[in-house]
Amino acid sequence: MMGTILGSDVKKVVVACEAGMGSSVLLVSQLRQRLKDTGVVVEHSPVNRIPPDVDVVVCHRGLEARARGVVPDKVVVPFNMFLGDPAFDRVVNAIKEGGPLQG
């Protein structure tokens, strides 16, 4: 099931990954930089321990089903590539413009 949230309602974005942190740490810092004027918190979390207060989960497509299992009522935005994936622009633009974000 896909959820929807208004970008203006997003307070916390979590980048979920496997236990290792390598690429996702880079992704967290990029998203923090792009969202720095919005007041949105961007954190990293292992996919099995996504915090319940998250609004949007960003994760690699291979982890999407696991993320949805942990937080079934939240918006989950999957991506394919760690760099330059259009999913990141979709999240950032929705938050900055306050528009709907589905996932």
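So, a few notes on the structure that sits alongside this text. (Residues numbered from 1 in each chain as written. Predicted model: local features only at pLDDT ≥ 70, side-chain atom pairs only at ≥ 80, totals over all residues. Heavy atoms only, no water.)

Here we come to the nonpolar core. Counting 22 residues, the largest nonpolar core has Val13, Val56 and Leu101 as the members making the most contacts within it. The set of elements that each furnish at least two residues to this core consists of β2 (12-17), α1 (22-34), β4 (56-60), β5 (75-79) and α3 (86-97). Tallying contributions element by element places α3 first for this core, with 6 residues. The residues touching Val13, leaving out its near neighbours within four places in the chain, are Val40, Val41, Val42, Glu43, Val54, Val56, Val58 and Ile95. Core analysis: the second largest hydrophobic core is formed by 11 residues, Ile50, Val54, Cys59 and Val71 among them. (Core = buried A, V, L, I, M, F, W, Y, C linked by side-chain atoms within 4.5 Å. Buried < 20%, exposed > 50% of the residue type's maximum accessible area, 1.4 Å probe, protein only. Helix = DSSP H or I, 4+ residues; strand = E, 2+ residues; numbered from the N terminus. Contact = heavy atoms within 4.5 Å.)

A separate point is the pattern of salt bridges. Within this structure, the stated rule accounts for 6 salt bridges. The shortest N-O distance in the salt bridge between Lys12 and Asp53 comes to 2.9 Å. Pair noted here: Lys12 is in strand β2 and Asp53 is in the loop between β3 (41-46) and β4, with a separation of 41 residues, a long-range link. Put simply, Asp89 and Arg34 hold a salt bridge, and the shortest N to O gap is 2.7 Å. (Salt bridge = Lys/Arg side-chain N within 4 Å of Asp/Glu carboxyl O.)

With that settled, the discussion passes to the packing of aromatic side chains. The tally for this structure, following the rule as stated, stands at 2 aromatic pairs. Each ring, one from Phe79 and one from Phe82, has its centre 5.0 Å from the other, and the planes form 75°; the classification is edge-to-face. A residue is classified by how much of its surface remains accessible, and Phe82, at 32% relative accessible area, is partly exposed. Judged by centre distance (4.9 Å) and plane angle (50°), the ring pair of Phe79 and Phe88 falls under tilted. The buried category is assigned to Phe79, whose relative accessible area is 1%. In this structure Phe88 comes out as buried when scored by relative accessible area, which is 5%. Taken together, the ring pairs connect Phe79, Phe82 and Phe88 into an aromatic cluster. (Phe/Tyr/Trp six-rings, centres within 6.5 Å; stacked < 30°, edge-to-face > 60°.)

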